[in-house]
Amino acid sequence: MSLKQVNNKNSEVDEKLAALITNANAIRAISAAVEGTLGPKGLDTMLVDKFGDVVITNDGVTILNMMEASHPAARMLINTAKAQQDEIGDGTTTTTIMAGALVNEGLNQVVKGVPVARVIEGIRLGTNTAVSFLEEQSRKIHNVNDPILEQVALVAGREHQDIAALVTEAAKLIGWEKLMERNFKLADTVAAQVGADNHVFAGVVIAKGPVAQEMPKELEQVKLLIVDDALEPEEIEEEALTTEAGFNHYLANQRSFAENIQKLCQLGVKLVLVDRGISDLAEEICTDAGVMVIQRVSSRQLRKAAEHTGARPIKRTGLKKNSEELEKYVGYAEKVVEDERLEQTFIYAGGGKPMATILVGAATEEVVGERERIAKDAAAAVQAAIKGGLVPGGGSMELAASLAVENMRRDTKGMAAYGVDCVIEALRKPFVQIVSNSGYNALEKLGDVLAAQSESDSNSLAMDCDSGQTTDMWNLGIVDPSLVKIHALKAASEVAQAILRIDTIIKKKESAAGGIDFSDE
């Protein structure tokens with residue numbers, strides 16, 4: 001075959017697979033952006049915006065959220081990583097690099113002549129085998145006081161001992177039942193503040209102080225009310241005030257509103273959390289009565305306060321209810337303290353469901369965001385471990401799963417076996433990247449560990465990133481939540497299949513209004 005014929009053949013292949021090659025390049029670029037952060041020796045990434053503001057982070061989802069990506073395939077992968085973060089709270093980097101490996105190897109197989117349909121079939125087979133294997137190998141946790149949870153927090157929290165201790169203490173305060181709830185996220189209890197001391201307590205924090213300096217700074221045995229509205233009289237249109245009847249109605253509204261506020265004070269309410277603003281009249285009455293009022297509290301903080309204290313949010317029209325009815329909306333807390341320096345208010349030991357707050361301190365604005373991200377990762381990992389159990393980390397379990405998939409491949413008939421190869425490659429990618437980031441020869445260490453796992457029949461062997469020796473991850477305390485691994489593999493497989501299935505890229509025609517124009521030309 002002449003050189004000209006070879007070039008023509010290559011051009012034919014490139015033209016036929018143009019969409020797949022373009023998408024694979026975009027996926028590869030996204031994967032490359034985060035792979036250097038993986039593992040204990042992973043490095044940080046600096047993100048710079050057009051104003052020169054800088055974020056330095058090791059957190060995969062933060063990098064993906066902040067990086068500029070315009071290619072549709074790249075955005076697909078970023079959205080998949082975000083879904084991993086929303087569902088599990090950790091494992092976005094693993095998801096991204098495994099998806100990159102699946103797409104890259106899938107492209108290689110297609111270029112060799114394997115039909116895309118067979119590649120996708122093999123990816124599904126390999127993924128199902130690996131997921132089943134990971135589920136079987138998971139060690140369940142049965143007690144929130146299990147000391148292994150602090151090790152989970154330490155690994156996910158990038159060896160920050162202080163943060164790991166805070167997270168595990170918070171898990172104990174909240175309890176097993178609450179941590180198992182689908183809609184509750186331990187990571188949401190994390191708050192970071194410049195100048196604050198590390199602190200975990202049974203309660204919630206409101207990121208505001210009272211509306212008036214004269215209001216009390218500390219309360220005990222506190223009844224509280226949550227007003228999911230403005231603490232103001234009902235509005236009257238200005239035109240109505242020009243008539244005597246309208247003005248009399250305005251005065252009656254003011255009197256009724258004042259009576260309602262005084263009724264709260266007589267009920268013994270000492271703290272009022274308000275969704276919106278508060279009128280001067282309400283502020284004056286509450287200040288005179290020694291009631292602390294905090295206005296414009298976020299909806300999320302109001303929900304947490306209501307759940308923890310047992311308060312039922314009420315609208316301002318509900319304040320017209322009689323005292324006996326209003327009592328049903330009142331919550332309770334052992335103590336409420338304002339921290340003027342931090343401009344925060346702490347609500348301790350509520351009468352509702354158990355709740356904890358993890359307050360992470362930082363010395364400067366530059367590091368407070370990263371400290372918060374680290375704590376959230378650690379909290380998410382601890383909760384995931386409680387829900388789904390543990391597997392050894394360091395890439396060991398993915399390698400063991402790759403061996404299980406490799407065994408399954410021998411029984412796979414037809415060209416789908418080449419798709420199974422993609423899964424084997426993807427499962428080995430996290431370990432390879434951890435080794436590379438640690439400064440060792442990835443090919444050599446991969447061979448050493450795979451041989452050691454096969455010979456010893458141990459699934460927990462991987463490389464000690466400090467010594468470079470093959471070591472048991474259980475013994476080193478390197479453990480990961482099973483759910484992180486399982487969900488990462490599933491998510492990576494789904495997005496890879498979607499990318500590989502794309503045969504053509506067509507730019508949509510848009511109408512002058514910005515929508516798609518389906519009219520005949």
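The preceding data block contains the structure.
Residues numbered from 1 in each chain as written. Predicted model: local features only at pLDDT ≥ 70, side-chain atom pairs only at ≥ 80, totals over all residues. Heavy atoms only, no water.

## Observations concerning the overall build of the chain
Counting secondary structure elements, the chain contains 19 helices and 14 strands. Over its C-alpha atoms, taken along the principal directions, the chain stretches across nearly 100 × 70 × 40 Å. A burial count over the chain gives 50% of its 521 residues as buried. As displayed, the chain has an accessible area near 25,100 Å², and 48% of this comes from carbon and sulfur atoms. Taking the average place of the 54 positive charges on the side chains of the chain and the average place of its 76 negative ones, the gap between the two points comes to 5 Å. (Helix = DSSP H or I, 4+ residues; strand = E, 2+ residues; numbered from the N terminus. Buried < 20%, exposed > 50% of the residue type's maximum accessible area, 1.4 Å probe, protein only. Areas by Shrake-Rupley, 256 points an atom, 1.4 Å probe, with all protein chains shown as cover. Lys, Arg positive; Asp, Glu negative; His and termini not counted. Charge placed at Lys NZ, Arg CZ, Asp CG, Glu CD.)

## A few points about the nonpolar core
Ranked by size, the top nonpolar core spans 67 residues in total, and within it Leu102, Val119, Ile123, Val405, Leu427, Phe431 and Leu489 carry the most contacts. Broken down by element, the residue count for this core peaks at ten residues, all from helix H16 (residues 416-437). Discounting chain neighbours no more than four positions away, the residues touching valine 119 are Gly106, Gln109, Val110, Val114, Gly419, Cys422 and Leu500. Core analysis: the next-biggest nonpolar cluster, separate from the first, contains 55 residues, Ala153, Ala156, Ile206 and Ile226 among them. (Core = buried A, V, L, I, M, F, W, Y, C linked by side-chain atoms within 4.5 Å. Contact = heavy atoms within 4.5 Å.)

## A word on the side chain of threonine 127
Among the structural elements, threonine 127 can be located in helix H6 (residues 116-137). Side chain to side chain, threonine 127 and serine 493 meet in a polar contact 3.0 Å long. (Polar contact = N/O pair within 3.5 Å; in protein donor to acceptor, adjacent residues only side chain to side chain.)

## A closer look at the layout of surface pockets
Here the largest pocket is characterised by a volume of approximately 960 Å³. Around the largest pocket, the lining comprises 39 residues; the ones closest to its centre are Leu38, Gly39, Pro40, Val155 and Asp480. Elements supplying a minimum of two residues to the lining of the largest pocket: helix H5 (92-112), helix H7 (148-156), helix H14 (365-388), H16, helix H18 (473-476), strand E14 (479-481) and helix H19 (482-501). Of the residues assigned to the lining of the largest pocket, the class counts are 16 nonpolar, twelve polar and eleven charged. In this structure, the second largest pocket encloses a volume near 520 Å³. In terms of lining, the second largest pocket is formed by 20 residues, of which the most central are Asp86, Glu87, Ile88, Gly89 and Lys185. Among the elements that take part in the lining of the second largest pocket, H14 stands out by supplying five residues, more than any other. Class assignment of the residues belonging to the lining of the second largest pocket gives a composition of eight nonpolar, four polar and eight charged. (1 Å grid on protein atoms, 1.4 Å probe; cavity = no way out; pocket = protein on both sides within 12 Å on 5 of 7 lines; lining within 4 Å. Points joined across faces, edges and corners; volume = space filled by probe spheres on them. Nonpolar A, V, L, I, M, F, W, Y, C, P; charged D, E, K, R; others polar.)

## Structural notes on the packing of aromatic side chains
Scanning all chains against the criterion turns up three aromatic pairs. Look at phenylalanine 346 and tyrosine 348: their rings are 6.2 Å apart centre to centre, the planes differ by 25 degrees, and that puts the pair in the stacked class. Phenylalanine 346 gets classed as buried once you look at its relative accessible area, which sits at 6%. Under the relative-accessibility criterion, tyrosine 348 is labelled partly exposed at 22%. Here the aromatic cluster, defined as three or more aromatic residues joined through ring pairs, consists of Phe201, Phe346 and Tyr348. When the ring centre of tyrosine 418 is taken as origin, the NZ or CZ atom of arginine 409, which lies over that ring, is 5.8 Å away. (Phe/Tyr/Trp six-rings, centres within 6.5 Å; stacked < 30°, edge-to-face > 60°. Lys NZ or Arg CZ within 6 Å of the ring centre and 35° of its normal.)

## A short note on empty space enclosed by the protein
Tallied over the entire structure, the rule returns one cavity of 30 Å³ or more. For the largest cavity, the calculated volume is near 100 Å³. Glu232, Pro233, Glu234, Asn253, Ser256, Phe257, Asn260, Arg316, Thr317 and Lys320 are the residues that line the largest cavity. In the lining of the largest cavity, the residues fall into two nonpolar, four polar and four charged.

## Quick word on unusual backbone geometry
Phi angles above zero are rare outside glycine, and glutamate 159 is one such case at about 70 degrees. Summarising the element assignment, glutamate 159 is placed in the loop between H7 and helix H8 (161-174). With a phi angle near 55 degrees, glutamate 343 is a residue other than glycine that sits in the positive phi range. Within the fold, glutamate 343 resides in the loop between strand E8 (331-339) and strand E9 (344-350).

## A short note on the packing of helix H4 (residues 72-87) against H19
Packing of H4 against H19 leaves a shortest axis separation of 10 Å and a crossing angle of 160 degrees. As the angle between them shows, H4 and H19 are arranged roughly antiparallel. When you trace H4 past H19, the crossing you get is right-handed. Every residue of H19 that contacts H4 at Ala73, Met76, Leu77, Thr80, Ala83, Gln84 and Glu87 is listed here: Val484, His487, Ala488, Ala491, Val495, Ala498 and Ile499. Per-class residue counts for the contact of H4 with H19 are ten nonpolar, three polar and one charged. (Axes fitted to C-alpha atoms, helices over the stretch in contact; angles between N-to-C directions. Parallel < 35°, antiparallel > 145°, perpendicular 65-115°, else oblique. Left-handed = near helix turned anticlockwise from the far one by under 90°.)

## Some remarks on the packing of H7 against H8
Where H7 contacts H8, the axes come no closer than 8 Å and their chain directions differ by 135 degrees. Taken together, H7 and H8 sit at an angle that is classed as oblique. Between H7 and H8 the crossing geometry is right-handed. Contacts between H7 and H8 pair Leu149, Glu150, Ala153 and Leu154 from the former with Gln161, Ala164, Ala165, Val167 and Thr168 from the latter. In terms of residue class, the contact of H7 with H8 is built from six nonpolar, two polar and one charged.

Interpretation in functional terms is not warranted from these geometric data alone.
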